[in-house]
Every structure is written in C-alpha cells, then in structure tokens.
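# Summary of the model geometry
Letter by letter, the chains look like this.
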Amino acid sequence: MTPADTGASTDVDAASAASAVPDPVESPDSRMAPGGPGYRRMSFALFLAGVATFALLYSTQALLPLISGDLGVTASDASWTVAAATGGLALFVLPMSALSERFGRRTVMTASLAVAVTVGLLVPFAPSLPALVALRAVQGAALAGLPASATAYLAEEVRPRALVSAIGLFVAGNSVGGMSGRVITGWVAQEWGWRVAVGVIGLVAVACAVAFRLLLPAPRHFTPGSLRPRVLVRTVRDHLANPLLRRLYAIGALFMTVFGGVYTVIGYRLTEAPFSLPQGLIGSIFLVYLVGTVSASTAGRLVSRLGRRGALYLGAGTTAAGLLLSLAPFLPLVLLGLVLITAGFFAGHAVASSAVGKTARHGRAQASALYQSAYYVGSSAGSTVGAVAFHSGGWAGTVGVGVLAVLGVVVITVSGSLAARRAAGAPVRTLSLPR
C-alpha cells in the first residue's frame, strides 16, 4: 500500500534506517511463491505453528464453566485463565521480536513452541486458580515468539504479491487451532474433566511443534540485527510515528476485543436456559472456526477486489451483523451469528496484519510485534470486559461491548480513507470503498 493509498508517511530518518534490518538485496524471484520450491512446506509448517499457538493460548476458554464449578470461582474470575495467557503474550511479543531480529525467526519460533508445550503439560496439575493463572501467563509469554516472528519470516521469505495469501494461511492455522482445541476439550472434558482436556491439547501441541521444526525451510533472506536497546527504541518510535501503522494496531485490538469477549462468554450463555447444552455440544459450537479458516485464507482475494479499506469495512459489517443476530433466543440464529462474527473477524485480522508487514520498511519483526501486542491486549480486554458485561447485563451486555468495538473499527477505517484523500489532494466527497 503506497503512501498515496493510505495517507501515511513511510519516511525513516537516516540513522534509523542504517541501524535497522535492511530489505533483502536478492532478486524477488528468489523468494518463495505459490507453486515454487519450499512454499508448500513453509505454508504447512506455519499452519501447524498457528494451530499450536491458538490451541494452547485458548485451551481453557471453552472450559470456563467447568473451571468455575471445580474451583468455586465466578465467570469473571475464571476468565483470567484466558486473559493471563493473552496478556502475557501481549507484554512479551516485542522483546521476543527483538530476539528474533538477532537470533533468527526460525530459532525463536522453535524455542517459543518448546517452552509453551512444556508449560502446557504442567497446566493440568495446577492446584488452584492463582497457580493456573500464573502458568497460563508464562505460557502466553512463551508463545509471544510465534506471531511477530512468523509474520516477519513471511515478509522476508515470500514474494510481496503472495504475502497476504501466505499470512492468511497462517491465520487460518490460528482458526483451526482455536476450533480443534475447543472441540477436543469440550468432548474430553465432558467425560474426564477439564484437567484431562487441557492435557490432551498439550500433547497435540507437542506433535505440531515437532512437525513445524522438521518442515520449516531455513531462512534465506534474514540479516541479523542488533539487540541494543537504543536501536529497538528508535525502531519502535518510528513505527508508532507512522499514522497507518497506528490505525492498523488499533483495528487489530478492536477486532480482537469483539472476538475475545464473545468466545469467552458464549459457553456460559449456552449452559443457561433456554439452551442448557452439555459441555460436549458447547465445544462443538467452535466448529464455526472453520469459517474463519476460509475467510482468512481468501483475504488476499478480498483485498484485490475491494481494496484494503473495503475489505475492512466488509469484515466490520459482517461482525456487527453477527453480534446483533446472536441476541436471538433461538439456537440456529445464535449459531449463524457466531458464523458471521468469526468470518468477519478472521478476514479483518488477516487484512490488517498483512498490511503491517507490507507497510513496514525496516524492523518488520518490531512492526508485527506491536500489532500482535495491540491484538492480544484487545483479546485480554475483551475476555475480561466481556465477562464483566455478561455478569451485569447478560449476553446483551457482551454484545454491546462488541458493537462499540466494531464501531471503533469503522471510525478508524473512515479516518484512513479521509487521510488518503487529503494526501492525494482529492476533494472529500463520499466515503466510497477505495480500490
């Protein structure tokens, strides 16, 4: 996306550019592309990394009613087992991205998965809610090495025109991991309890981590950077000074506020009247994540047809329609609402995250890390605020939080459209969807 398209400046001061990781100097033809050598292995490896990341990160989300009953805590207290993991990731994603600039994307992703799956095998033995929350925070911090490093790896190793599709596949892995983790835990927990369920997810993640390390091609376009704090601070300052990146970070946070709130609370809603569903069926509700797999993997085509802002409008509108539809007291309409929320969220996330990778001209890992940090802050906020809203106002309260977040996405996207028109010197007449 060019400055004329976005209204954002991409200028970087000379000192910052000299100290940052340079763009790859090899011919773009040497990067991976669909149908080319290594692309399929790379895609499958990062797909599995996405599966493991979301399966571990949200392993307790579908089990919150059981955790509440077993440990004798409220919904808002139990929601901290999700918020702690996403909060740990949000806090550590920037430091982990700095390590990836120095030691390499593949090395940091491998180490992060190794620590996360080890902690995952300890989670079932947590004796109390504080211990469980602490383990989940450590697990989230370990997983922080995955999202930003993966996005930076793709930005360096994949041809620019294939970047949105490649990141879409990684995000699709997120959706499959989130879906399979919740479905598996739902049915296992119904028979053997939540502790056995999260243990099974830990074993699944171990298998994904091993396959990831064996399949991911060695990087060919990575140039080690510096770990000097001054360089990191300067790079982060440059990114935060970019209006487009700031908008993308806010959009990611708001989309995830909706998603985190909805899927943290939906289990409680479905256990209550008029639905009163058993835990296994509640876990199966998360099969709607498959819709996210499709919408994320087709994000590139949406951008080609509608433009990035047009795709974001579509994602926000779809999410809002799903939220309103989920208010109905009939299970089929609630499920359709979840389908729309999931499709809109994953499409919007894939578009925003890929735009970060293409906009950043240096320090791509830090640019992606800031997006991921904002994204998971949104998840933590959505999980906590959504649960509090549900406790005080029922499902309508959670939906209200989500609608406000979607309106925030629309406002920010409109402001980007207006800024682009001003930068291009065009009169601001209508808010048409730019291509």
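Just so we're clear, the structure is a prediction, and the values are computed from it rather than from any experiment.

### Re helix α4 (residues 64–71)
Among all positions of α4, only L64, P65, I67 and S68 are buried. Along the long axis of α4, the arc covered by the buried residues comes to 165°, so they all point the same way. In the core, the buried residues of α4 are packed alongside α5 (75–78), α6 (80–103), α8 (129–143), α11 (194–215) and α13 (243–271). Directly beyond the C-terminal end of α4, a positive phi value near 65° is found at G72.

### Re the confidence of the model for the protein
When pLDDT is averaged along the protein, the result is 83, and 90% of the positions lie at 70 or above. Least confident of the elements in the protein is helix α1 (residues 3–6), whose mean pLDDT is 36; most confident is α8, at 95.

### A short note on α11
Between its terminal C-alpha atoms α11 stretches 32 Å, which fits the 32 Å expected from 22 residues at 1.5 Å a residue. Where the residues of α11 are buried, they touch α3 (39–57), α4, α7 (105–122), α8 and α10 (163–192).

### Describing the nonpolar core
Ranked by internal contacts, the top residues of the largest apolar core, which has 126 residues, are M42, L46, L154 and Y263. Residue contributions to this core peak at 16 residues, all from α13. With near-sequence residues (within four places) excluded, L46 lies in contact with M109, A150, Y153, L154, F170, F212 and L216.

### So, the packing of α13 against helix α18 (residues 364–424)
The contact between α13 and α18 brings their axes to 4 Å, and the two run at 160°. As the angle between them shows, α13 and α18 are arranged roughly antiparallel. Looking at the contact of α13 with α18 residue by residue, the class counts come to 27 nonpolar, 16 polar and two charged.

### Re the packing of aromatic side chains
This structure, assessed with the given rule, holds nine aromatic pairs. Ring centres 4.1 Å apart and planes at 10° place the aromatic pair F259 and F345 in the stacked group. Of this pair, F259 sits in helix α13 while F345 sits in helix α17 (residues 331–359), placing them 86 residues apart in sequence. Residue class for F259 comes out buried when judged on its relative accessible area of 3%. When the ring of F259 is compared with that of F346, the centres are 5.4 Å apart and the planes differ by 75°; the resulting orientation is edge-to-face. With F259 in helix α13 and F346 in helix α17, this pair connects stretches of sequence that are 87 residues apart. Relative accessible area serves as the criterion here: at 0%, F346 is assigned to the buried category. One aromatic cluster in this structure is built from F259, Y263, F345, F346, Y371, Y375 and Y376.

Quick notes on the rules
Residues numbered from 1 in each chain as written. Predicted model: local features only at pLDDT ≥ 70, side-chain atom pairs only at ≥ 80, totals over all residues. Heavy atoms only, no water. Buried < 20%, exposed > 50% of the residue type's maximum accessible area, 1.4 Å probe, protein only. Helix = DSSP H or I, 4+ residues; strand = E, 2+ residues; numbered from the N terminus. Arc of directions from axis to C-beta. Contact = heavy atoms within 4.5 Å. pLDDT = per-residue confidence, 0-100. Expected span 1.5 Å × (residues − 1). Core = buried A, V, L, I, M, F, W, Y, C linked by side-chain atoms within 4.5 Å. Axes fitted to C-alpha atoms, helices over the stretch in contact; angles between N-to-C directions. Parallel < 35°, antiparallel > 145°, perpendicular 65-115°, else oblique. Nonpolar A, V, L, I, M, F, W, Y, C, P; charged D, E, K, R; others polar. Phe/Tyr/Trp six-rings, centres within 6.5 Å; stacked < 30°, edge-to-face > 60°.

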